[in-house]
Amino acid sequence: NAGVTQTPKFQVLKTGQSMTLQCAQDMNHNSMYWYRQDPGMGLRLIYYSASEGTTDKGEVPNGYNVSRLNKREFSLRLESAAPSQTSVYFCASSKGTTSGGASTDTQYFGPGTRLTVL
Amino acid sequence: QKEVEQNSGPLSVPEGAIASLNCTYSDRGSQSFFWYRQYSGKSPELIMFIYSNGDKEDGRFTAQLNKASQYVSLLIRDSQPSDSATYLCAVPRTGFQKLVFGTGTRLLVSP
């Protein structure tokens, strides 16, 4: 049981290049998320997918696109990378459930991708 | 006012002491609260969540929630050097799946 896996672990891009970050989970979770983490800014939600077939914008979606390929996989694409997209990217997944109206929906994180855009 | 606020630290405590980490939130409608731990260079991992006023204990960790004051804290008893990490407070936004994270408090436990 690998949990949440991400590829690649590290990537260096030049401005204007494109790339896709891959994420997969084997916990049969309904919901998946992409975050970026920058010093002093904390974790910020880029996009999320509440269930297979749906995707929604988070706090910082500009410059990114996502695809929920199936229940297991959720990819993040940078079409034209910019230095401002230098960050650590985390994928996460959760069951997508609540209990009596209060969320007890634990998110499990992948190991992260460290992206540098020159 | 930020939705979730934490003191960035570092909070330095000696081994064996109680570490107290604090978090305030702005949305009075928030019902549940999560504490994650993140070691340097690693991904966040859940320590515990709380959604009722009062205390919730799990081993050396106790989460305390005061909804009237919009304040949630995490106490770590008998702190160990291995507890040295950044602790993130997270609160679900409306729609429960959108977690809003604080910027985290860095804890340093000295031997």
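Residues numbered from 1 in each chain as written. Chains lettered and ligands numbered in written order. Predicted model: local features only at pLDDT ≥ 70, side-chain atom pairs only at ≥ 80, totals over all residues. Heavy atoms only, no water.

Overview of the sheet that holds strand β3 (residues 19–25) of chain B
Residues and elements named next belong to chain B. Read across the sheet, five strands follow the order β1-β3-β8-β7-β6 without closing on themselves; strand pairing throughout is antiparallel. A strand with exactly one partner marks an edge of an open sheet, and here the two such strands are β1 (4–5) and β6 (54–58). As judged from the six bridges shared by β3 and strand β8 (residues 71–76), these two strands associate in the antiparallel manner. Bridged to asparagine 22 within β8 is serine 73. (Pairing = 2+ DSSP bridges. Helix = DSSP H or I, 4+ residues; strand = E, 2+ residues; numbered from the N terminus.)

Considerations on the state of the cysteines
Scanning all chains against the criterion turns up two disulfides over all chains. Each disulfide pairs two cysteine sulfurs, and for Cys23(A) the partner residue is Cys91(A), the sulfurs being separated by 1.8 Å. Across the S-S bond linking Cys23(A) and Cys91(A), the dihedral sits near -70°, which makes this disulfide left-handed. Note that Cys23(A) is positioned in strand β3 (residues 19–25) and Cys91(A) in strand β9 (residues 87–94), a separation of 68 residues in sequence. Grouping residues by exposure puts Cys23(A) and Cys91(A) together as buried. Residue Cys23(B) pairs covalently with Cys89(B) via a disulfide, S to S 2.1 Å. Because the sign of the S-S torsion sets the handedness, a value of about -70° for the bond joining Cys23(B) and Cys89(B) places this disulfide among the left-handed ones. Of this pair, Cys23(B) sits in strand β3 while Cys89(B) sits in strand β9 (residues 85–92); the two residues are 66 residues apart in sequence, bridging distant segments of the chain. (Disulfide = S-S within 2.5 Å. Buried < 20%, exposed > 50% of the residue type's maximum accessible area, 1.4 Å probe, protein only.)

Quick word on the pattern of salt bridges
According to the stated counting rule, one finds six salt bridges over all chains in the structure shown. In this structure, Glu45(B) and Arg37(B) form a salt bridge, with 3.1 Å as the shortest nitrogen-oxygen distance. Classification of Arg37(B) as buried rests on a relative accessible area of 16%. One salt bridge in this structure joins Arg77(B) and Glu57(B), with 3.4 Å as the shortest N-O distance. Here Arg77(B), found in the loop between β8 and β9, pairs with Glu57(B), found in strand β6; they are 20 residues apart in sequence, far enough to count as distant. Taking the relative accessible area as the measure of exposure, Arg77(B) reaches 28% and is therefore partly exposed. Here the salt bridges do not stand alone but share partners, grouping Arg36(A), Asp38(A) and Arg44(A) into one network. (Salt bridge = Lys/Arg side-chain N within 4 Å of Asp/Glu carboxyl O.)

A few points about the sheet that holds strand β1 (residues 4–7) of chain A
Residue and element names in this part refer to chain A. Taken in spatial order, the four strands line up as β1-β3-β8-β7 in an open sheet, and their pairing is antiparallel. Every interior strand has two partners, whereas the edge strands, β1 and β7 (64–68), have only one. The sheet shows a mean angle of 20° between the axes of neighbouring strands, direction not considered. With three bridges connecting them, β3 and strand β8 (residues 74–78) associate as antiparallel partners. By the bridge assignment for β8, methionine 19 is matched with leucine 78. (Axes fitted to C-alpha atoms, helices over the stretch in contact; angles between N-to-C directions.)

Re the nonpolar core
With 24 residues, the main nonpolar core has Trp35(B), Val72(B), Leu74(B), Ile76(B) and Tyr87(B) as its most contacted residues. Elements represented by at least two residues in this core include exactly β3, β4 (33–38), β5 (45–50), β7 (61–66), β8, β9 and β11 (105–110) of chain B. Among all residues touching Val72(B), those that are not within four sequence positions of it are Leu21(B), Asn22(B), Cys23(B), Phe33(B), Trp35(B), Ile50(B), Gln64(B), Leu65(B) and Cys89(B). Membership of the second largest hydrophobic core comes to 19 residues, among which are Leu21(A), Trp34(A), Cys91(A) and Leu115(A). (Core = buried A, V, L, I, M, F, W, Y, C linked by side-chain atoms within 4.5 Å. Contact = heavy atoms within 4.5 Å.)

Digging into the confidence of the model for chain A
For chain A, per-residue confidence averages 92 on the pLDDT scale, and residues scoring 70 or more make up 94% of the total. Across chain A, the element-wise mean pLDDT spans from 56 in strand β10 (residues 98–99) of chain A up to 98 in β8(A). (pLDDT = per-residue confidence, 0-100.)

Here we look at the interface of chain A and chain B
Counting residues at the interface gives 28 residues for chain A and 22 residues for chain B. Where chain A packs against chain B, one counts zero salt bridges. Connecting chain A to chain B are four residue pairs in polar contact (both at pLDDT 80 or more). Going through the elements one at a time, β4 (31–38), β5 (42–49) and β11 (102–103) of chain A are the ones with two or more residues in the side of chain A that touches chain B. The class makeup of the residues in the side of chain A that touches chain B is 11 nonpolar, 13 polar and four charged. (Polar contact = N/O pair within 3.5 Å; in protein donor to acceptor, adjacent residues only side chain to side chain. Nonpolar A, V, L, I, M, F, W, Y, C, P; charged D, E, K, R; others polar.)

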